[in-house]
Structure formats: structure tokens, C-alpha cells
Protein chains: 2
Amino acid sequence: MTAKEVQAIPVPTLRRLPSYLRFLKKVQAQGRDVVSCTHIADALGLDPTQVRKDLAVTGIVGKPRVGYHLPALVEAVETLLGWNNTTDALLVGAGSLGTALMGYEGFREYGLNIVAAFDVDPEKVGAEIHGRPVLHVDQLANLASRLHAHIGIITTPAAEAQRAADLMVAGGVRGIWNFAPADLEVPDEVILESVQLPASLAVLSTRLAAALREDEQGEKSDGSQ
Amino acid sequence: MTAKEVQAIPVPTLRRLPSYLRFLKKVQAQGRDVVSCTHIADALGLDPTQVRKDLAVTGIVGKPRVGYHLPALVEAVETLLGWNNTTDALLVGAGSLGTALMGYEGFREYGLNIVAAFDVDPEKVGAEIHGRPVLHVDQLANLASRLHAHIGIITTPAAEAQRAADLMVAGGVRGIWNFAPADLEVPDEVILESVQLPASLAVLSTRLAAALREDEQGEKSDGSQ
DNA sequence: TAGATTGTTAATCGATTAACAATC
DNA sequence: TAGATTGTTAATCGATTAACAATC
């Protein structure tokens, strides 16, 4: 039933595509018309075979000895990511992070258009942030279904994140981009993608601690100091 | 030479630890003293065996039939992540995202202490953000080495991110937490952890597009409408 | 004691990397 | 043509999941 025949693109590949796209556009801006996997791999510190496999998901074929035609490749990656169509999004949590995201011009490049923000704070409700209205969360479900907004962005404190997600689901939102440090529950038909800052920081702090420990070890066995 | 004998903890495990920690603290706050892997796995939607393996990296052993002693486990996870010591960090790019991060109280829980921000904008330099000074980037390398700040946070526009990273490295920063959508080059001895919003959005938009396509398919084969 | 849960070893799965024929 | 680069198949690697003995 759930037609998976299209066979899903691996998540690691999807996560690398924006990086490729950035680089491809940069090369294109330099006036070049083709690019090879080796060139891309060198620039991004990846394995050339991996780049080739990743790019294969776009359906674009390269020319041996030459490489890939840049305009076609850029277009294909953008299409695959859906970044050449605009998707409307609603944001819950008009705090400093929410405000920062609403002010980020770069999202236009990713086809993301935040049309309104929601909050519970009476001080914020009724105001505008970067030209978009701040409404009360009570209006969220209603407006989401009225606007057919497909994406919801959560920038609330962790404690309010689940409630925000529930309201979004009630409003028919199909994809949630969560920035709150919380493990949310959503129905199967809703896509949840979380930007887990603590997870990222965990990798950094643990590796950093290990590196600093190694420094000390080195100093000791050096006999210096 | 580069003593890897300690055998590094897998990145996926590291990324899950903060999630465990959050849940463990929650259970502890409910007055419980022990917790089983099944309980954790159920709550977080994970495999119990995976939870057991992940927790094994802390060195804490559980009691069959009972589970893990919460205070010991919480303590061990925090120690492993290094979150019970404070690390000083410098932030470059005092824009809205930088400001948001500086105002985020939750970082204290992760042992992260942002002591100063840096920018090139004369309007910002000299001001204070959430009680911390905003200095000119020219002072970055100098201050970093003087304060022995180990972590640098990049919240500049993509075009300035590499320069910020270079200054941090020059100042002796050993770990960089990058929020700019850019592929940075740093020396081997510097840990780079990037929060790639475009990568995260790529996963969300591609999956969402696939789900919406499926909806249409379903409607068509339904014959409804 | 009986049985739930741990810790660990083995099997599976999927992604990365290597090898190599095809081709421009 | 010669040889660089693609596309693809096979080998490797690492993480997840399953199986199961040990234990409280």
C-alpha cells in the first residue's frame, strides 16, 4: 500500500545534497559549465565514489572524461529537494530563536516561506516580526488548515513543544521542523525532523574533552613543563 | 601515537545520550530511583538492546530484574558528556541567531558558558548582549588565548564563517560549533561540529514532498474527488 | 524458586569504500 | 588513440537488531 517503490533516498545522501548544491552554484558562478566528482570530493573532503553515488539519485548522467553539466545538475538537485517551489510554513514560539529564523533571508533559497508566527505571550500577540503577524496559538490549527500550510516550525521552550506539535497536527500540518530540545510524538503520517542542539553539542564536547585529555597525556610523556 | 586506545564512542550513541539524560532526569523528578532499558526504549521509541549498549559506554552496570540506579546513571552520563564542568566559549556573529544563543539559559545545563561575542558591525561593537560584551573580531584571537576559551561558536553569514574559524584557530580554540551554512576547513587538531540547517531541511522537505505525492496517488486510485 | 532484565555474542542491515569495465 | 572519468558491482566497515546465557 504505502508505495515505497520509488525507493527512498538514504538520509546521509539527502543531508549532503545541500552541501553539493552550494558548491555547484559556487563553481557555476565562476563561469564553469562542467564539474567532475573528483573536484567536488576534493573541495568537500569526501570520497569521489560517494559523490558519484549521491549525484546518481538526481538521475543526471555525466560524461566520462568531462564530468557533469552544471546547469542540469543544479536544476536536478533543486528539484529533488523541492527547493524551486515555495512551501508555506507556520512558526510557533516567537522568542529570540523564532525571531531569528523569521529574519533569515536564506530560507527563500530553500523554498521555505514562514507566513506567520504564533505565541501565547499577550505582549507578542498582535505584533509583527519581519513583516509577518504574530497570532495567538489558539488560532494555529484554524489558520494552518485555512492556508494549507504544510510545514510547522517549533521554536518554543521544551515544555511547550509537544502542545505546539499537537496543534500543528490538528491543523493538518504534514511536516514539523522542531528546534526544541524535546522528544516529540507525532502520528505516522507526519514527518518529524528535529534539530537537536544538545545532540550536536554532545559530539563536540565529548570529542573536545578527549582531545584535551590527549594534549595532557602528550605533555606528560613529553616530560615538558 | 594518537592514543585512540580509549576507543571512541560511536557518534550515533553520543547523539542519543542527551535524549537519555533528559528522560532520566524526568523519571528521577517523578521520585523514581531505578529505571529499566525497556522503559527508556518505550518512551523514546528506540530498541531496548540499543539503549543497553548505549548506556554501557558510561560504565554503569544495571541489576537484572531491576534496572539502573538513576542517580548513578545521570551522574555518569553527565560526566561522560563533560556537562558537569563549565567550558568558556566565544561567539562570532552578533546577529539575531547569535543573540538568541547568547540568551539561551539552557546552555548552562550543558556546561556551556558564552563569555563574549564578536562582530565587525560598529553599531554592535561596544554594546552588551544578555550581559556579555560585544567586541570587535580583531580582538578575537587575542582574547581567546588570554581566556583559554576552548570553544568557538560561529553564527556569522556563510561568507564570513571561514574567516571567523581562522581567527578562532589562531586564538587557540580547539572546538568549533558552526551554525553557518558553509563547509569549513580547520586543522586536524581542531574539532568541527556543524549544525547544518539546510541538511536538516533537505530531509524534511524531501520526505514531505514524497508523502504529499503519495496522498495524491491515494486520492487518484481512490477515485474520490 | 521463577522469571524479568541485564550483558554479550552473533546475525542482519545499510552505508561507505574499493575495484574495474565502459566510454568519451 | 590514450587515458581520465563515469557508472556499477563487489568488498568492507560499522551500527542496529536478534538471540541467549547469566543473574538477581
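Whatever comes next refers back to the structure up there.
The model shown is predicted, which means the values in this text are computed figures rather than measured ones. (Residues numbered from 1 in each chain as written. Chains lettered and ligands numbered in written order. Predicted model: local features only at pLDDT ≥ 70, side-chain atom pairs only at ≥ 80, totals over all residues. Heavy atoms only, no water.)

## Some points on the environment of Q162 of chain B
Residue and element names in this part refer to chain B. Among the structural elements, Q162 can be located in helix α7 (residues 158-170). Separated by 63 residues in sequence, Q162 and T99 place their C-alpha atoms 20 Å apart. Filtering out sequence-adjacent residues up to four positions away, Q162 remains in contact with D183, L184 and E185. (Helix = DSSP H or I, 4+ residues; strand = E, 2+ residues; numbered from the N terminus. Contact = heavy atoms within 4.5 Å.)

## Here's the deal with the interface of chain A and chain B
On the side of chain B, 51 residues touch chain A, which itself brings 51 residues to the contact. Counting each side, the surface lost to burial between chain A and chain B is near 4,900 Å², with a carbon and sulfur contribution of 68%. Scanning the region where chain A abuts chain B turns up four salt bridges. Among the ionic pairs, R22 of chain B bridges to D183 of chain A, the shortest N-O distance being 3.1 Å. One can count 14 residue pairs in polar contact (both at pLDDT 80 or more) joining chain A with chain B. Elements with a minimum of two residues in the side of chain A that touches chain B: α1 (11-29), α2 (37-44), α4 (70-81), α5 (96-102), β8 (175-178), β9 (191-194) and α8 (197-222) of chain A. With 16 residues, α8 of chain A is the single largest residue contributor to the side of chain A that touches chain B. Classifying every residue of the side of chain A that touches chain B gives 33 nonpolar, nine polar and nine charged. (Buried area = accessible area lost by both parts, 1.4 Å probe. Salt bridge = Lys/Arg side-chain N within 4 Å of Asp/Glu carboxyl O. Polar contact = N/O pair within 3.5 Å; in protein donor to acceptor, adjacent residues only side chain to side chain. Nonpolar A, V, L, I, M, F, W, Y, C, P; charged D, E, K, R; others polar.)

## Here's the deal with the packing of helix α1 (residues 11-29) of chain B against helix α4 (residues 70-81) of chain B
Residues and elements named next belong to chain B. Running from amino to carboxyl end, α1 crosses α4 at an angle of 150°, the nearest separation of the two axes being 10 Å. Considering only the axes of α1 and α4, their crossing is left-handed. Packed against α1, whose contacting residues are L14, L17, P18, L21, L24, K25, V27 and Q28, the element α4 presents L70, P71, L73, V74, V77, E78, L80 and L81 at the interface. Partitioning the contact of α1 with α4 into residue classes produces 13 nonpolar, one polar and two charged. (Axes fitted to C-alpha atoms, helices over the stretch in contact; angles between N-to-C directions. Left-handed = near helix turned anticlockwise from the far one by under 90°.)

## Some remarks on the protein's contact with DNA strand D
Around DNA strand D there are 22 residues in total, and V61, G62, R65 and Y68 of chain A together with Q50 of chain B lie nearest to it. Among all atoms of DNA strand D positioned within 4 Å of the protein, those belonging to sugar or phosphate total 58%. For the surface near DNA strand D, the secondary structure elements donating two or more residues are α3 (48-56) of chain A together with α1 and α3 (48-56) of chain B. Partitioning the surface near DNA strand D into residue classes produces seven nonpolar, six polar and nine charged. (Near = heavy atom within 4 Å.)

## Concerning the sheet that holds strand β4 (residues 112-119) of chain B
Residues and elements named next belong to chain B. Spatially, seven strands are ordered β5-β6-β4-β3-β7-β8-β9 in an open sheet, and the strand pairing comes out mixed. Taken across any chain shown, the strands that pair with only one partner, and hence form the sheet edges, are β5 (128-129) and β9 (191-194). Sheet analysis places strand β3 (residues 87-92) next to strand β7 (residues 151-154), joined by four bridges and oriented parallel. Note that in β7 the partner of L91 across the bridge is I153. (Pairing = 2+ DSSP bridges.)

## Some words on the packing of aromatic side chains
Between two aromatic rings, the relevant description is the distance of the centres plus the angle of the planes. Residues and elements named next belong to chain B. In this structure the tally under the stated criterion is ten aromatic pairs over all chains. Taken together, a centroid distance of 4.9 Å and an interplanar angle of 90° make the contact between Y104 and F107 edge-to-face. Given the relative accessible area of 3%, F107 is considered buried. Aromatic pair F107 and W177: ring centres 5.7 Å apart, planes at 65°, arrangement edge-to-face. On the criterion of sequence distance, the pair formed by F107 in the loop between α5 (96-103) and β4 and W177 in strand β8 (residues 175-178) is long-range, its members being 70 residues apart. Across the pair, W177 and F107 agree in class, each one buried. (Phe/Tyr/Trp six-rings, centres within 6.5 Å; stacked < 30°, edge-to-face > 60°. Buried < 20%, exposed > 50% of the residue type's maximum accessible area, 1.4 Å probe, protein only.)

## Some details on the side chain of S19 of chain B
The topology assignment puts S19 of chain B in helix α1. For S19 of chain B, a relative accessible area of 13% gives the class buried. A polar contact of 2.8 Å, which involves the side chain of S19 of chain B, links it to the side chain of D183 of chain A. In this view, S19 of chain B contacts D183 of chain A together with L44 of chain B; residues no more than four positions away in its chain are not counted.

## Some remarks on unusual backbone geometry
For H130 of chain A, which is not glycine, the phi torsion reads 50° and is therefore positive. Along the polypeptide, H130 of chain A turns up in the loop between β5 (128-129) and β6 (132-136). Of note, the phi angle at H148 of chain B is positive, near 55°, even though the residue is not glycine. Within the fold, H148 of chain B resides in the loop between α6 (140-147) and β7. Residue classification places H148 of chain B among the exposed residues on the basis of a relative accessible area of 60%.

## Examining the protein's contact with DNA strand C
Contacts to DNA strand C come from 22 residues, most closely from Q50 of chain A together with V61, G62, R65 and Y68 of chain B. Atoms of DNA strand C within 4 Å of the protein: sugar and phosphate make up 58%, bases the balance. At 3.1 Å, a side-chain N or O of K53 of chain A approaches a base oxygen of DNA strand C. The separation between a phosphate oxygen of DNA strand C and a polar main-chain atom of C37 of chain B is 3.0 Å.

## Looking at the pairing of β8 of chain A
Residue and element names in this part refer to chain A. In β8, alternate side chains face the same way, and those of G175 and W177 on one face and I176 and N178 on the other are all buried. As paired elements, strand β7 (residues 151-154) and β8 share four bridges and run parallel to each other. Paired with I154 across the bridge in β8 is N178. As a crossover connection, the stretch from β7 through helix α7 (residues 158-170) into β8 is right-handed. The pairing of β8 with β9 spans four bridges and is parallel. Of the residues in β9, the one forming a bridge with N178 is S194. (Right-handed = clockwise from strand over helix to strand, strands pointing away.)

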